[in-house]
Amino acid sequence: MKTTSRLSSVTGGGVGVLRDLRALGSVTRLLILSGFAFNLGFFLVLPYLAEHLGGALGLAAWLVGLVLGLRTFSQQGLFVVGGALTDRYGARRVMLAGCVLRIAGFGWLGFAHSTWSVIGSVLLVGFAAALYAPALETEIARQAVRHEQTDKVARTRTLGLFLMGGQAGALIGPIAGTALLAGGFRAACLAGAVVFAVILVALHRLPAPEPRSAPEPVTPSTSARSSVGELLRNRRFLALCLAYGSYLLAYNQLYLALPMELERTTGSQVALGWMLALSSLMVVLGQLPLSGRVAGAMSHAAAVRWGLLLITGAFTAAGALPPLAGGLLPSLVFVVLLTVGQMLVIPGVRAWLPDLADDRRLGLYTGALSSVSGVVVLLGSAPTGALLDTGGGLSWFALAAVPLIGLSLVPRHRD
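Residues numbered from 1 in each chain as written. Predicted model: local features only at pLDDT ≥ 70, side-chain atom pairs only at ≥ 80, totals over all residues. Heavy atoms only, no water.

> Break down the environment of histidine 147 for me, citing the residues and quoting the values.
Looking at the element boundaries, histidine 147 is found in helix H6 (residues 115–150). For histidine 147 and glycine 25, which are 122 residues apart along the polypeptide, the C-alpha to C-alpha distance reads 9.4 Å. (Helix = DSSP H or I, 4+ residues; strand = E, 2+ residues; numbered from the N terminus.)

> Tell me what's going on with the packing of helix H15 (residues 329–356) against helix H16 (residues 362–389), and back it up with residues and numbers.
It is at 10 Å that the axes of H15 and H16 come closest, and there the two elements cross at 135°. Considering the angle they form, H15 stands oblique to H16. The two elements H15 and H16 cross, and the hand of that crossing is right-handed. Note on element contacts: H16 touches H15 through Leu362, Tyr365, Thr366, Leu369 and Ser370, opposite Val349, Arg350, Leu353, Pro354 and Leu356. (Axes fitted to C-alpha atoms, helices over the stretch in contact; angles between N-to-C directions. Parallel < 35°, antiparallel > 145°, perpendicular 65-115°, else oblique. Left-handed = near helix turned anticlockwise from the far one by under 90°. Contact = heavy atoms within 4.5 Å.)

> Please provide a residue-by-residue account of the pattern of salt bridges, values included.
Evaluation of the coordinates by the stated rule reveals 2 salt bridges. In this structure, the salt-bridge partner of arginine 350 is glutamate 137, at a minimum N-O distance of 3.0 Å. Remark: glutamate 137 occurs in helix H6 and arginine 350 occurs in helix H15; sequence separation between them is 213 residues. Glutamate 137 matches arginine 350 in its accessibility class, with the two residues each being buried. Between arginine 142 and glutamate 139 there is a salt bridge, with its nearest N and O atoms 3.8 Å apart. (Salt bridge = Lys/Arg side-chain N within 4 Å of Asp/Glu carboxyl O. Buried < 20%, exposed > 50% of the residue type's maximum accessible area, 1.4 Å probe, protein only.)

> Can you explain helix H4 (residues 79–89)? Please cite residues and give values.
Residues Phe79, Gly82, Gly83 and Thr86 constitute the buried set of H4. Down the axis of H4, the buried side of the element spans an arc of 100°, and every buried residue falls inside it. Looking at the buried positions of H4, the neighbouring elements they touch are helix H3 (61–77), helix H5 (91–111), H6 and H16. Looking at the residues trailing H4, positive phi occurs at glycine 90, about 95°. (Arc of directions from axis to C-beta.)

> Mind laying out H15, listing which residues take part and the relevant values?
The first and last C-alpha atoms of H15 sit 40 Å apart over 28 residues, in line with the 40 Å expected at 1.5 Å per residue. For H15, the tally of buried residues reaches 22 of 28 residues, placing the bulk of the element in the interior. (Expected span 1.5 Å × (residues − 1).)

Quick look at the structure:
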């Protein structure tokens, strides 16, 4: 699937948002709403998982880092499974299966006490997302390209609206989670399960998208071996996967390094929910204006590079700045720079991906993107946890090397 190599122009303003939502149709609007609800349920629980593991359950920092890495790997690392299943069975069925497993996983996590029980529930929660998320992302990417071709709505506009919806859920989730924690971590887990039950009901009513084209004959050689072989020979795609993995490992520090930094500088994690809410609010309010400013001015590759450079600056600033403003200044600057970097990296990668994949294999490529990056996170999480356990600003400088390496891996953008 080949389209323009530049970030499409984006109209601004709330009127433009409403106009585009109307133009996108009921299916795409429901997908955007599903992204909102997915993040709402997710962020009711995840920001407080590290504290629950290290505090209530008393796990060591390296083990907390490993559990978080396993969660990310079981989610991101197995996206390729969800993506392949999406290509074969369709997005709706795979998303429904993911909802059922996420409900069971959150319920189990709320009652888990032993280390192995926690690991099992976290793996189930992650695998549920490995089904749900690539199906949702594949279908929204496909719909974004379709709207660009038929409705003259730029694909980056549709993807920006999707990202905004998800971040709105991420904005509300930590705040609601903070309130729910008054009833204990179990209450937050059960509330997350309820949210996914609501999604399950809504998606059950999701109409099937219009057929894209007649599928090619499915044989073992064409449906599996040739597809995977083609993917593995796509060096530019694999390089983008590794670069995206460096971003994901860096972004994961919102839930590992940031809580530890707040505990070290302020003596508590009271500000964590508000920091995460600030990050989400920045995306909700700033994603479309930022996309508009870079539209036509830089390629997808340039957007990804600038984003990784800002994320490198986020870690450097966190290690260099003095603990002013009640000890919150390093953490605040870290969150702001990391979020702006995210606002460049994610749309750039997602808009670039359809240009690198055959439409019939878009689910596989979408899943593989997250699977490869999930492996990067798994390999880096335990060392990161051990590094952070040493404390001090030097750990932040060491972590700055992660997005910097990713920056060097971003492939050139071909017209």
